Amino acid sequence: MYRILPACKHQPFKPMDNGNITHNWEENESIPNQTKWNPLEIPSKKHDFLQGMSTVCGSGHPREKHGVSHYIYTCNTSMQDKCVCNADGDWLIVPQQGKLKIITEFGKMTVEPNEFCVIQRGIRFTVNVDGQCRGFILEVFDGHFELPELGAMGANGLANPRDFEVPVAWYEDRSVNGYTVVQKHQGRLFAATQNHSPFDVVAWHGNYVPYKYNLSHFMAVNSVTYDHCDPSVFTVLTCQSNRKGTAIADFICFPPRWAVQEHTFRPPYYHRNSMSEFMGCISGKYEAKTTMDEGCYSLHNMMTPHGPDAITYKKATSQGKLVPERIAEGCMSFMFETCFELAATKWALSQKVDQDYWKRWDDLPKNFNPNQKPQ
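Remember, predicted model here, so these are calculated numbers, not experimental data.

(A) Region of interest: the pairing of strand β17 (residues 235-240). Among the six residues that make up β17, five are buried, leaving the element largely enclosed by the rest of the structure. Sheet topology places β17 next to strand β18 (residues 247-254); five bridges connect them, and they run antiparallel. Paired with Q240 across the bridge in β18 is A247.

(B) Fine view of the sheet that holds strand β24 (residues 343-344). As summarised here, the arrangement of the seven strands in space is β16-β10-β7-β12-β5-β4-β24, forming an open sheet in which the pairing is antiparallel. The sheet is open, and its two edges are formed by β16 (211-214) and β24, each paired on a single side. Relative to strand β5 (residues 66-75), strand β4 (residues 53-61) runs antiparallel, the two sharing eight bridges. Bridge pairing links M53 to Y73 in β5.

(C) Expanded view of the sheet that holds strand β21 (residues 297-300). On the basis of which strands lie adjacent, the open sheet formed by six strands has the order β3-β21-β20-β23-β18-β17 and antiparallel pairing. Whereas interior strands pair on both sides, the edge strands pair on one side only; in this sheet they are β3 (35-37) and β17. Across the sheet, the mean angle from the axis of one strand to that of its neighbour is 10°, orientation sign disregarded. In this sheet, β21 lies alongside strand β20 (residues 276-283) in antiparallel orientation, the contact comprising four bridges. If you follow G280 over to β21, its bridge partner there is Y297.

(D) Region of interest: the packing of aromatic side chains. Inspection of every chain in the model, using the stated rule, returns 24 aromatic pairs. Seen in terms of ring centroids, F116 and F251 are 4.8 Å apart; in terms of plane orientation they differ by 70°. Their pairing is edge-to-face. Of the two residues, F116 sits in strand β10 (residues 115-119) while F251 sits in strand β18, which places them 135 residues apart along the sequence. Consider the rings of F278 and F336, whose centres lie 5.7 Å apart with planes at 15°: the pair is stacked. Residue F278 is found in strand β20, and its partner F336 is found in strand β23 (residues 332-338); the two are separated by 58 residues along the sequence. As far as the burial class goes, F278 and F336 line up, both buried. Three or more aromatic residues link up through ring pairs in this structure, and these residues are W37, F116, F136, F164, Y211, Y213, F251, F278, Y297, F334 and F336.

(E) Quick peek at unusual backbone geometry. Phi angles above zero are rare outside glycine, and K65 is one such case at about 50°. Mapping K65 onto the fold places it in the loop between β4 and β5.

(F) Representation of the environment of V202 in the model. Position of V202 among the secondary structure elements: in strand β15 (residues 201-203). Take V202: its relative accessible area is 41%, and that puts it in the partly exposed class. For V202 and W91, which are 111 residues apart along the polypeptide, the C-alpha to C-alpha distance reads 24 Å. Excluding its chain neighbours within four sequence positions, the residues that come into contact with V202 are Y2, R3, I4, A169 and Y171.

(G) Molecular detail of the side chain of S59. The residue S59 is located in strand β4 in this model. Among the polar contacts made by the side chain of S59, one reaches the main-chain carbonyl oxygen of E341 at a distance of 3.2 Å. The residues contacting S59, other than those within four sequence positions of it, are W25, H66, G67, V68, F141, F340, E341 and L342.

(H) Looking closely at the nonpolar core. Judged by nonpolar contacts, the single largest core of 56 residues is most densely connected at L92, F116 and V236. The element contributing the most residues to this core is β18, with seven residues. Discounting chain neighbours no more than four positions away, the residues touching L92 are F116, C117, V118, F136, I137, L138, F145, L237, F251 and F336. With 29 residues, the next largest nonpolar core counts M53, V127, C133 and V182 among its residues.

(I) Seen up close, the side chain of T22. Within the fold, T22 resides in the loop between β2 (14-15) and β3. At 3.0 Å, the side chain of T22 and the backbone nitrogen of N24 are in polar contact. Those residues in contact with T22 that sit more than four places away from it in its chain are E27, T55, S69 and T345.

(J) Expanded view of the environment of E172. Tracing the backbone through its elements, the reader meets E172 in the loop between β12 (133-140) and β13 (175-185). Distance from E172 to D142, taken between C-alpha atoms, is 33 Å for residues 30 residues apart in sequence. What E172 contacts, discounting residues up to four positions off in sequence, is S197, F199 and D200. In terms of polar contacts, E172 uses its side chain to reach the side chain of S197, at 2.6 Å.

(K) The arrangement of the state of the cysteines in detail. Counted according to the given criterion, the structure contains zero disulfides. Sulfur of C83: no disulfide; nearest cysteine sulfur belongs to C85 and is 7.6 Å away. Left without a disulfide partner, C281 is nearest to the cysteine sulfur of C331, which lies 4.3 Å away.

Reading the values: rules and limits
- Every chain is numbered on its own, with residues counted from 1 as its sequence reads.
- For a predicted model such as this one, the threshold for reporting local features is a pLDDT of at least 70, and the threshold for listing and counting side-chain atom pairs is 80 or more; totals across whole chains, interfaces and linings nevertheless cover every residue.
- Side-chain metrics in this entry use all non-hydrogen atoms of the structure; hydrogen atoms and water are not considered.
- We call a residue buried when its accessible area falls under 20% of the maximum for its residue type, exposed when it is over 50%, and partly exposed in between, using a 1.4 Å probe and counting protein chains only.
- The secondary structure listing takes helices from DSSP runs of H or I that are at least 4 residues long and strands from runs of E that are at least 2 residues long, numbered from the N terminus.
- Being paired, for any two strands, means DSSP has found at least two bridges between them.
- Each axis is a line fitted through C-alpha atoms, taken for helices only over the stretch in contact, and angles between the N-to-C directions span 0 to 180 degrees.
- We call Phe, Tyr and Trp rings a pair once their centres come within 6.5 Å, taking the six-membered ring for Trp, and we label the pair stacked below 30 degrees between planes, edge-to-face above 60, and tilted otherwise.
- Any pair of residues with heavy atoms lying within 4.5 Å of one another is described as a contacting pair.
- Under this definition, polar contacts are N or O atom pairs within 3.5 Å; protein pairs additionally need one hydrogen-donor-capable and one acceptor-capable atom, and for neighbouring residues in sequence, both atoms have to be side-chain atoms.
- Side-chain atoms within 4.5 Å link the members of a nonpolar core, which is a set of buried Ala, Val, Leu, Ile, Met, Phe, Trp, Tyr and Cys residues.
- In this description, the term disulfide denotes a pair of cysteine sulfurs within 2.5 Å.

Fair warning: the whole summary comes from geometry, so function is off the table for now.
Below is the structure:
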């Protein structure tokens with residue numbers, strides 16, 4: 001980066017209030033229940049992107065550079081003469097409501113619902129908004145996000161490299177009386193002041209740069225005969241672990257698409273998983289959960305059984321002859337999937353938890369017929 005003043009020109013960092021950001025996974029006794037939250041209300045009190053960040057769940061610790069953290073954010077005002085830098089890991093930011101106008105040391109990005117961006121470890125940025133905003137953040141402490149291997153799919157498919165966008169260099173040579181630089185360091189927030197804008201990078205080159213992606217460009221892949229492909233075919237980005245085939249985190253999307261399988265229960269299978277799943281609905285209503293509306297989110301921890309609710313099951317098993325159909329029309333949902341068992345924070349379990357979520361499976365019928373012969 002070619003900048004007007006070096007980044008080290010600032011006053012010493014001092015601890016500041018962490019708000020609802022925490023990596024203390026021992027504050028609650030973890031339970032394996034399916035957990036769903038209704039949309040978090042956006043407070044009317046003025047608060048910016050950083051002030052509105054709250055940890056929902058996670059595992060591990062940035063000091064060991066091993067683990068993940070999941071957040072929800074709300075905000076209704078811009079960060080004024082303030083930026084943030086995450087020294088603990090990479091942030092993948094998924095807006096659900098409202099547009100984020102992000103200024104980074106590398107330039108500007110506007111990120112809207114149905115898009116996401118990645119801001120890597122150590123990059124300073126600020127967020128401007130025009131109104132009420134809400135969304136989700138996936139943080140990885142280990143490595144960086146990358147495209148998944150396509151295997152037998154070949155060279156093209158899923159999220160194509162050509163559709164990712166990076167900012168163009170932009171700078172301001174501006175003196176400021178008390179610009180605040182916030183740094184997230186080993187799970188704590190620290191603040192330092194300086195007398196100039198940190199966005200004074202006149203030019204840059206290289207490939208360690210923030211980027212964004214529009215989920216409408218995702219090329220979905222699925223079975224055209226029978227049965228389901230593994231859900232990994234919906235992977236947009238992955239952060240791989242040292243154990244092959246196991247991810248620190250996968251970012252997965254479920255876009256509008258065609259379902260054409262024959263002789264198949266088309267909704268997702270009921271399953272227990274060796275990965276933990278944190279899911280959110282950006283827009284519309286998730287195809288396999290009739291109460292999973294936009295803004296809702298859920299946690300199904302490792303080996304916790306889950307699947308379509310009873311209403312979805314009954315609809316799928318009473319269709320008669322299967323014909324090609326569009327599914328998830330007008331909907332976009334996502335999932336943060338990880339190899340870690342996740343602990344929910346005390347704050348999260350006090351916010352809009354759907355206490356009747358377990359009842360969504362209570363009316364599942366028993367259809368087993370030992371006398372039925374395969375056709």
